[in-house]
Amino acid sequence: MGQSFKAFPSMVLEPTHCPSCDGIDVIQHGKTAAGKQRYRCQNSACKRSTFIQDYS
Ligand SMILES: [Zn+2]
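In this text, all values refer to a predicted model and were calculated from it rather than measured experimentally.

**A look at the environment of K47**
Structurally, K47 can be placed in the loop between β2 (37-41) and β3 (50-52). Classification of K47 by C-beta neighbours within 10 Å gives exposed; the count is 8. For K47 and C21, which are 26 residues apart along the polypeptide, the C-alpha to C-alpha distance reads 8.1 Å.

**Here's the deal with the UniProt feature "domain: InsA N-terminal zinc ribbon" (unreviewed entry) in the protein**
Residues annotated in UniProt with the feature "domain: InsA N-terminal zinc ribbon" (unreviewed entry) correspond here to residues 17-43. Within residues 17-43, the helical portion is 0% and the strand portion 41%, while the C-alpha atoms at the span's ends are 11 Å from each other.

**Description of the pairing of strand β1 (residues 26-31)**
In summary, the side chains of a regular strand alternate between the two faces of the sheet. With four bridges joining them, β1 and β2 adopt antiparallel strand pairing. From the neighbouring strand, Q28 faces β2, where its bridge partner is Y39. Connecting β1 to the antiparallel partner β2 that follows it, the hairpin turn spans five residues, and G35 within it adopts a positive phi of roughly 85 degrees.

**Some remarks on the sheet that holds β2**
Spatially, the three strands line up as an open sheet ordered β1-β2-β3, and their pairing is antiparallel. Sheet topology places β1 and β3 at the edges, where each strand pairs with a single neighbour. Going across the sheet, the axis of each strand differs from the next one's by a mean of 35 degrees, ignoring polarity.

**Observations regarding unusual backbone geometry**
The backbone of D22 shows a phi angle near 65 degrees, a positive value even though the residue is not glycine. Mapped onto the elements of the fold, D22 is located in the segment before β1. Its 10 C-beta neighbours within 10 Å are what place D22 among the exposed residues.

The rules behind these values
- Residues numbered from 1 in each chain as written.
- Predicted model: local features only at pLDDT ≥ 70, side-chain atom pairs only at ≥ 80, totals over all residues.
- Helix = DSSP H or I, 4+ residues; strand = E, 2+ residues; numbered from the N terminus.
- Buried ≥ 20, exposed ≤ 12 C-beta atoms within 10 Å, placed from the backbone.
- UniProt positions renumbered as here; feature names shortened; annotations may be inferred.
- Pairing = 2+ DSSP bridges.
- Axes fitted to C-alpha atoms, helices over the stretch in contact; angles between N-to-C directions.

Set out below in structure tokens:
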């Protein structure tokens with residue numbers, strides 16, 4: 001029979017990656033005053049330590 005599986009878009013979890021080194025070894029690092037999620041890059045070779053994810 002024609003049973004089609006539908007993916008739930010809301011279930012798709014893309015790993016947060018660092019905008020500087022593009023690594024995914026990041027952890028949540030609190031929030032900014034504006035309420036945005038701040039992340040911290042765990043890559044010791046990365047020159048950026050924290051960043052804010054901005055999705056347009
Ligand atoms: Zn990084």
